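Here are the chains, one letter per residue:
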Amino acid sequence: MRILVTGGAGYIGSVAVEELLRIGHSVVVLDNLSKGHRAAVLPGADLAIGEVGDRDALDRVFGTGPVDAVMHFAADSLVGESMKVPGKYFRSNLCEGLQLLDAMKAHGTSKIVFSSTAAVYGEPVSVPIRETDPSSPSNPYGASKLGFESALRWYREAYGIRSIRLRYFNAAGASELLGEDHDPETHLIPLILEVASGKREAVDIFGTDYETPDGTCIRDYVHVTDLAQAHILALGALDDGREGVYNLGNGEGYSVREVVDCACRVTGEEITAREVGRRPGDPAILVASSDRAVRELGWRPRQAEIDEIVRTAWQWHVAHPGGYGE
Ligand code: UFG
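What counts, and at which threshold
- Residues numbered from 1 in each chain as written.
- Predicted model: local features only at pLDDT ≥ 70, side-chain atom pairs only at ≥ 80, totals over all residues.
- Heavy atoms only, no water.
- Helix = DSSP H or I, 4+ residues; strand = E, 2+ residues; numbered from the N terminus.
- Rg over C-alpha atoms; globule rule 2.2 N^0.38 Å.
- Buried < 20%, exposed > 50% of the residue type's maximum accessible area, 1.4 Å probe, protein only.
- Contact = heavy atoms within 4.5 Å.
- Lys, Arg positive; Asp, Glu negative; His and termini not counted.
- Charge placed at Lys NZ, Arg CZ, Asp CG, Glu CD.
- Near = heavy atom within 4 Å.
- Polar contact = N/O pair within 3.5 Å; in protein donor to acceptor, adjacent residues only side chain to side chain.
- Nonpolar A, V, L, I, M, F, W, Y, C, P; charged D, E, K, R; others polar.
- Domains from an automatic or database assignment.
- Core = buried A, V, L, I, M, F, W, Y, C linked by side-chain atoms within 4.5 Å.

Helix and strand counts for the chain stand at 10 helices and 14 strands. Against the compact-globule benchmark of 20 Å for 326 residues, the chain has a radius of gyration of 19 Å, which places it among compact chains. In the chain, buried positions account for 54% of the 326 residues. Across the chain, contacts joining residues at least 24 apart in sequence account for 78% of those joining residues at least 6 apart. Placing the 32 positive and 47 negative side-chain charges of the chain at their respective mean positions leaves the two points 5 Å apart.

Okay, here's the thing in structure tokens:
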């Protein structure tokens, strides 16, 4: 199949491209390289540099040959930033996404796997979170992703565009070739590893007064290659006529302090952590039930252990001290 991967130069998208190429698909990446890296697009994939919201760029990509399905990763995805500049999030994650759907409709592509997020739930009503639980985002990032999920429902009704919406919990870890390199970095695990490698003095712990056993936020970390695998399964499921929404997490929550301790264990380095105030928009606990993905997609996470997740992230960090070096 020929798959269009938006955001395929980014952290999760690039690993999905790696997996698509490995199993013999043809891949065209559309990425504006604002956060992605040219070097993260493996040889074998075509790279079109452009915006998802640019209809001409989309028409050029769709015009170079039939696209059997789309994987839509391109997004703004920082909870903290979204609280400060909500418009940016609704524009890129919702408005630009609509251009993509309109282009799919115009060019006769009817299958899409969408990168949604645990942030659609907001503060959970129960843990682990199920897909049937209420969605009440506590930040504009989650709200913008939920908005696009909603648009997908109505594009299904009107034009028959079928989707699988994958709600990722906290993506982490690295494949052998590809890892996490953001500028500026805001994610917990890479920041901790920067402290371990001496690039940064300390990591801030955002809030120690949450209603959790040690007072810090709890998250469900899921390996990036397991996420990529879920996309491959979703593609197959769409082919089999399935559609729907699926959580992707390991069902185990780790507090910020536990992740710091884990990184000390894995790296053998001391890691200084500073307690600071809460970061606005952060729910206290996000832990997934992924039973539906396991049952219906046949998803089997292979690197579910937090130590293994941090170990692969560390391995990549050590092998790429300057990230992708761009
Ligand atoms: N944290 C710190 N210090 C830091 C950075 C983060 O204490 O310097 C804490 C956060 O408050 C949060 C946890 O570590 O409790 C994880 O934070 P990240 O920034 O790594 O990730 P988020 O949970 O904010 O968000 C990530 C993705 C989102 C996705 C979400 C789903 O960035 O796109 O996971 O759970 F929606």
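Okay, back to it.
In this section: the environment of alanine 237. Assignment of secondary structure puts alanine 237 in helix α7 (residues 224-239). What makes alanine 237 buried here is its relative accessible area of 7%. Taking the C-alpha atoms as reference points, alanine 237 and valine 260, separated by 23 residues in sequence, lie 37 Å from one another. Alanine 237 has contacts with Ile164, Arg242 and Leu297, leaving out every residue within four places of it along the chain.

Here the focus is the site of the ligand. Lining the immediate surroundings of the ligand are 23 residues, of which Thr117, Asn170, Asp204, Arg279 and Asp282 lie closest. For the ligand, an oxygen atom lies 2.5 Å from a polar atom in the side chain of asparagine 170. Within the side chain of aspartate 282, an N or O atom sits 2.6 Å from an oxygen atom of the ligand. Counting residues per element, the ones that place at least two in the shell around the ligand are α6 (188-196) and β8 (203-206). The biggest single contributor to the shell around the ligand is β8, with 3 residues. Residues belonging to the shell around the ligand are distributed by class as follows: 14 nonpolar, 5 polar and 4 charged. Each of domain 1 (2-172 + 221-248) and domain 2 (188-219 + 251-319) accounts for three or more of the residues forming the shell around the ligand.

This part covers unusual backbone geometry. Note that the residue after valine 127, namely proline 128, is joined by a cis bond; omega there is 0°. As for its position among the elements, proline 128 is in the loop between β5 (111-117) and α5 (140-159). For the peptide bond that leads from aspartate 183 to proline 184, omega is 0°, which places it in the cis range. In this structure, proline 184 sits in the loop between β7 (170-172) and α6.

Now for the nonpolar core. If you look at the biggest cluster of nonpolar residues, it comprises 41 residues, and the most contacted ones within it are Val5, Leu20, Met71, Ile164, Leu166 and Leu248. Looking at this core, the elements with two or more residues in it are β1 (2-6), α1 (11-22), β2 (26-31), β4 (69-72), β6 (162-168), α7, β11 (244-248) and α9 (291-297). Among the elements that line this core, the one with the most residues is α7, at 9 residues. The residues that make up this core include at least three from each of domain 1 (2-172 + 221-248) and domain 2 (188-219 + 251-319). Here leucine 166 is in contact with Val113, Phe114, Ser115, Ser116, Thr117, Ala230, His231, Ala234, Tyr246, Leu248 and Leu297, once residues within four sequence places are set aside. Judged by nonpolar contacts, the second largest core, of 26 residues, contains Leu188, Ile192, Leu193 and Tyr254.

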